[in-house]
Amino acid sequence: MKKETVSLVPAEAVLPPRVQEALGQLVGAAKEGLLALSVGVGLGVLAELMEEEVIDVVGAKGKHDAERVAVRHGHESGEVTLGGRRVQVERPRVRSADGRSELPLQTYVHFADRDPLSKVVLERMLAGVSTRRYRSTAEPVGSEVEQRARSTSKSSVSRLLVERTRRALGELMSRRLEDVRLAVMMIDGLELQGRTNVVALGITTEGVKIPLGLWEGSTENATVATALLSDLVERGLDPEQGILFVIDGAKALRKAIRNVFGYAPVQRCLRHKERNVTEHLPERERPAVKQRLRRAWALEDHARALDQLRRLAAELDRSYPGAAGSLREGMEETLTLTRLGVGGNLKRTLESTNPCESMIEIVRRTQRNVKRWSSGEMALRWTAAGMLEAERQFRKIIGYRELATLVIAIEHDHDTRRQPIAAHTVSKEAAIVLTT
């Protein structure tokens, strides 16, 4: 029986003759894959587009035109952005007819823009690619193009990253807030290897989460806390609108809210409060106390919930005064949502700073390859870039349909608390009139 022979010819050597004829100079690129072929075709198209623009500006070659305003001026090397790298190309030059200035070709200006390159660099770094491995993550665009590529070294990528993160910081801290109608603002701290940043997250009346800003320092620093909120007002946020603040319980931050926003309802984060109380207890006592705390906070009756918390604090006084003191500090503000009549999914969402901490977790994930924070400015740049990256992943908060009820409750509460103050002022003025 006759045996069949199989020819072991490399795949790249068996392009059909018709394909080779049609591709001409692009045969080599085609052997390296479809992407490399597409890049080769794209660069060819770019060259044609630039030559077409030269004809539009200068006129057809070989035809005299006494009124032409520009003339051809040869070619020179240029660079365009391609797949996270800079690639060298030959670009035509055009000068004014009097020879005084060079006229830019809009086609080249568009493709030579470095912004897409810095955007790609930032996206890959936030995704966890290190500057040393950046070159290996680039798309295979063909060996010939790759040989002419640049801006993929560790130092080049680092420079582009600094530029892009600095731009992200500027974008975040210059956002105008005149047209933003907030229902909730959450403020929390982010620790970065010895450095602390304070971040603010807003939630609109439609349930949309918006990163508002960040500041270097901690929520325990009164100067930082005041600067944080004052900056938001300077950028257009109306301090008169009813906003619920959800915070970790820092006294400096609480004072700053009162100084900048006047009376505003504050909800203490229950998870922070629970942790602060139980840290004063031995391990064996923690589960029972934690259960009683959560049971009280889950009640819909504000007076009853407050009574249960006070009873628990009284019981802890005898054996664990530290835990009792921690519980009493800001106790009523752990029940602000209950007092406002907020329940269900919205209450579970807003009774802690978890939405803000979810954003912080994304920021941490984008920074996981940073080994050393060289400056506070670097920490701010990276945090801002991470916050904007988190914003791209945001969805509306759970329970957002009930936010209208919260806003009405805040406004009613605000009016109720202002009335005694106004009455006190009127009576004081009347007393002055009577004495005179």
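The rules we used
- Residues numbered from 1 in each chain as written.
- Predicted model: local features only at pLDDT ≥ 70, side-chain atom pairs only at ≥ 80, totals over all residues.
- Heavy atoms only, no water.
- Helix = DSSP H or I, 4+ residues; strand = E, 2+ residues; numbered from the N terminus.
- Buried < 20%, exposed > 50% of the residue type's maximum accessible area, 1.4 Å probe, protein only.
- Contact = heavy atoms within 4.5 Å.
- Areas by Shrake-Rupley, 256 points an atom, 1.4 Å probe, with all protein chains shown as cover.
- Axes fitted to C-alpha atoms, helices over the stretch in contact; angles between N-to-C directions.
- Parallel < 35°, antiparallel > 145°, perpendicular 65-115°, else oblique.
- Left-handed = near helix turned anticlockwise from the far one by under 90°.
- Nonpolar A, V, L, I, M, F, W, Y, C, P; charged D, E, K, R; others polar.
- 1 Å grid on protein atoms, 1.4 Å probe; cavity = no way out; pocket = protein on both sides within 12 Å on 5 of 7 lines; lining within 4 Å.
- Points joined across faces, edges and corners; volume = space filled by probe spheres on them.
- pLDDT = per-residue confidence, 0-100.
- Patch = residues over 30% accessible without salt bridge, like charges linked within 9 Å, V, L, I, M, F, W, Y side chains within 5 Å.
- Salt bridge = Lys/Arg side-chain N within 4 Å of Asp/Glu carboxyl O.
- Lys, Arg positive; Asp, Glu negative; His and termini not counted.
- Charge placed at Lys NZ, Arg CZ, Asp CG, Glu CD.
- Pairing = 2+ DSSP bridges.
- Core = buried A, V, L, I, M, F, W, Y, C linked by side-chain atoms within 4.5 Å.

Undergrad: Sorry, what's going on with the overall build of the chain here?
TA: Broken down by element type, the chain carries 18 helices and nine strands. Here the chain holds 436 residues, and 44% of them are scored as buried. A separation of at least 24 residues holds for 64% of the contacts in the chain among residues at least 6 apart in sequence. About 24,100 Å² of surface is accessible on the chain, with carbon and sulfur atoms providing 51% of the total.

Undergrad: Where do I start with the packing of helix α16 (residues 354-366) against helix α17 (residues 376-393) in this structure?
TA: Each packed pair of helices is defined by two parameters, the angle between the axes and the distance between the axes. Orientation of α16 relative to α17, taken along the N-to-C sense of each, is 120 degrees, at an axis distance of 8 Å. The angle between α16 and α17 places the two elements in the oblique class. In this structure, α16 meets α17 at a crossing whose hand is right-handed. Listed contacts from α17 to Met 359, Ile 362, Val 363, Arg 365 and Thr 366 of α16 are Trp 382, Thr 383, Gly 386, Met 387, Glu 389, Ala 390 and Gln 393. Within the contact of α16 with α17, the residues separate by chemical class into six nonpolar, four polar and two charged.

Undergrad: Can you walk me through empty space enclosed by the protein in this structure?
TA: Gaps between atoms show up when a probe of the same size as a water molecule is rolled over them. Using the criterion set out here, one finds one cavity of 30 Å³ or more in the structure. Counted as a void, the largest cavity has a volume near 40 Å³. Around the largest cavity, the lining residues are Gln 267, Leu 270, Trp 297, Thr 334, Leu 335, Leu 337, Thr 338, Lys 347 and Glu 351. Considering only residue class, the lining of the largest cavity consists of four nonpolar, three polar and two charged.

Undergrad: Explain the confidence of the model for the chain here, please?
TA: As a general rule, the predicted coordinates of low-pLDDT regions are not to be interpreted in detail. Considering every residue of the chain, the mean pLDDT works out to 81; 75% of them sit at 70 or more. Below a pLDDT of 50 lies the segment residues 421-427, which in the model reaches zero contacts outside its immediate sequence neighbourhood of four places, other chains included.

Undergrad: Looking at this structure, how should I read a negative patch on the surface?
TA: Negative charge collects at one region of the surface, where Glu 48, Glu 51, Glu 52 and Asp 56 lie side by side. Note on placement: Glu 48 falls in helix α3 (residues 34-58).

Undergrad: Any chance you could explain the sheet that holds strand β8 (residues 244-247) here in plain terms?
TA: Across a sheet, paired strands are connected by hydrogen bonds in the backbone, their directions being either parallel or antiparallel. Taken in spatial order, the five strands make up an open sheet running β7-β6-β5-β8-β9, and their pairing is mixed. On the outer flanks of this sheet lie β7 (209-216) and β9 (266-268), each paired with one strand and no other. Between one strand axis and the next, the sheet turns by 20 degrees as a mean value, whatever way the strands run. Strand direction decides the pairing type here: β8 and β9, joined by three bridges, are parallel. Across the sheet, the residue bridging to Phe 245 is Val 266, located in β9. Of the strands in this sheet, β5 (182-192), β6 (195-204) and β7 are in contact with α16, which crosses β5 at around 40 degrees.

Undergrad: Mind showing me how you'd approach the pattern of salt bridges here?
TA: Note that side chains of opposite charge can pair when their charged atoms are close. Counting across every chain of the model gives 28 salt bridges. As a salt-bridge pair, Arg 167 and Glu 163 come within 3.0 Å of each other at their nearest N and O atoms. Residue Arg 167 and its partner Glu 163 are located together in helix α7 (residues 154-173), separated by four residues, close to a single helical turn.

Undergrad: Could you clarify how one ought to interpret the nonpolar core in this entry?
TA: Inside soluble globular proteins, nonpolar side chains tend to come together where they are buried. Membership of the largest hydrophobic core comes to 43 residues, with the highest contact counts inside it found for Val 184, Leu 214, Leu 244, Leu 350, Met 359, Leu 403 and Leu 406. Of all the elements, α17 adds the most residues to this core, at nine residues. Once you skip the residues sitting within four places of it in the chain, Leu 350 turns out to touch Val 184, Met 186, Ile 203, Leu 244, Val 246, Gln 267, Leu 337, Ile 397 and Leu 406. Core analysis: the next-biggest nonpolar cluster, separate from the first, contains 26 residues, Val 180, Ala 200, Ile 210 and Phe 261 among them.

Undergrad: Is there a simple way to explain helix α9 (residues 251-261) in this structure?
TA: What α9 keeps buried is the set Ala 252, Leu 253, Arg 254, Ala 256, Ile 257 and Phe 261. Taken together, the buried residues of α9 touch β5, α8 (222-234), β8 and β9. Count one or two residues on from α9 and you reach Gly 262, which has phi positive near 65 degrees.

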